[in-house]
Amino acid sequence: VSVTMSLALAVVVLTSQVKQLAQEAALLVSTQAAVARSRGHVRHMNNCFSAATCSFYCSAMLLVILFVGLPKFVRTHADKFEACIDVEDADRLAAADQFGMGLAIMNSTVMVSFGVLLFVCYRRVSRAYEPRILLDWHREYLVERERQVLRARRGPHPGADCAEEEDSTG
């Protein structure tokens, strides 16, 4: 659940940031550069959203298994499943408290880790839209696009496929 919430928060925050920074860069720097840069960021956010969706479905399945598949059962120290926690048994209550504490620590660690990751991503995205960095990136982007167009126009070189086949078998 904490992974789902963290990824969803990252998507919301970064989408808002990219929208704002891309609009500002389009007005002040270059519309073409801002649109090209934001397309890459949107692609990454879509991947993050897909991961959040998968995480949500996994969490939902595990929750169903927990409450339907193993109703009122708990694992003991001897790796046996026993029904219900006896509220009078101090050892079982202590084991349940330890399990809860471990789960809380794990979830908190995940949330803090994703918070740090979100901060790093936020800083990188902010830096990507600084005017000089955006224009330098756009210049490199245009050169690479031109190379791709030239390669597509030239097509495959005669005999190149044969040489690759010989290399792969030799």
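Whatever comes next refers back to the structure up there.
Quick notes on the rules
Residues numbered from 1 in each chain as written. Predicted model: local features only at pLDDT ≥ 70, side-chain atom pairs only at ≥ 80, totals over all residues. Heavy atoms only, no water. Helix = DSSP H or I, 4+ residues; strand = E, 2+ residues; numbered from the N terminus. Buried < 20%, exposed > 50% of the residue type's maximum accessible area, 1.4 Å probe, protein only. Contact = heavy atoms within 4.5 Å. Areas by Shrake-Rupley, 256 points an atom, 1.4 Å probe, with all protein chains shown as cover. Phe/Tyr/Trp six-rings, centres within 6.5 Å; stacked < 30°, edge-to-face > 60°. Polar contact = N/O pair within 3.5 Å; in protein donor to acceptor, adjacent residues only side chain to side chain. Expected span 1.5 Å × (residues − 1). Core = buried A, V, L, I, M, F, W, Y, C linked by side-chain atoms within 4.5 Å.

A.B. asks: Even after reading the chapter, I still don't get the overall build of the protein chain, so can you show me in this structure?
C.D. replies: Scanning the protein chain from terminus to terminus reveals five helices and two strands. Its helices and strands taken in sequence order, the protein chain reads α-α-β-β-α-α-α from the N to the C terminus. A total of 170 residues make up the protein chain; the buried ones form 18% of that total. If you take every contact in the protein chain between residues at least 6 apart in sequence, the share linking residues at least 24 apart comes to 68%. Counting only carbon and sulfur atoms, one obtains 64% of the accessible surface of the protein chain, whose full area is about 13000 Å².

A.B. asks: Would you mind showing me how to read the packing of aromatic side chains here?
C.D. replies: The way to describe two aromatic rings as a pair is by their centre distance and the angle between their planes. By the definition in use, this model includes two aromatic pairs. Summarising the aromatic geometry, the rings of Trp 137 and Tyr 141 are spaced 5.0 Å apart at their centres and angled 20° between planes, so their arrangement reads as stacked. Residue Trp 137 and its partner Tyr 141 are located together in helix H4 (residues 131-154), separated by four residues, close to a single helical turn. Among the residues examined, Tyr 141 registers a relative accessible area of 24% and is labelled partly exposed.

A.B. asks: How should I be thinking about the side chain of Thr 4 in this particular structure?
C.D. replies: Relative to the assigned elements, Thr 4 resides in helix H1 (residues 2-28). At a separation of 3.2 Å, a polar atom in the side chain of Thr 4 contacts the main-chain amide nitrogen of Phe 56. When near neighbours in sequence (up to four residues on either side) are disregarded, Thr 4 contacts Ala 52, Ser 55, Phe 56 and Ser 59.

A.B. asks: What's the story with the environment of Leu 21 in this structure? I'm lost.
C.D. replies: Note on placement: Leu 21 falls in helix H1. The exposure class assigned to Leu 21 is buried, which follows from its relative accessible area of 19%. Not counting residues within four places of it along the chain, the set of residues in contact with Leu 21 comprises Val 125, Ser 126 and Tyr 129.

A.B. asks: Looking at this structure, I do not really get H1. What am I missing?
C.D. replies: Given 3.6 residues to a turn, an α-helix orients residues that are three or four positions apart in the same direction. Over its 27 residues, H1 extends 38 Å from the first C-alpha to the last, a length consistent with the 39 Å expected when each residue adds 1.5 Å. The set of residues buried in H1 consists of Ser 2, Thr 4, Ser 6, Leu 7, Ala 10, Val 11, Leu 14, Gln 17, Val 18, Leu 21, Ala 22 and Ala 25.

A.B. asks: So what exactly am I meant to see when it comes to the nonpolar core here?
C.D. replies: Side chains of a nonpolar character, in soluble globular proteins, are inclined to be buried together. With 18 residues, the main nonpolar core has Leu 14, Val 18, Ala 25, Cys 48, Val 125 and Tyr 129 as its most contacted residues. When contributions to this core are tallied by element, the ones reaching two or more residues are H1, helix H2 (31-69) and helix H3 (90-128). Sequence-distant contacts of Val 125, defined by excluding residues within four places in its chain, comprise Leu 14, Gln 17, Val 18, Leu 21 and His 41.

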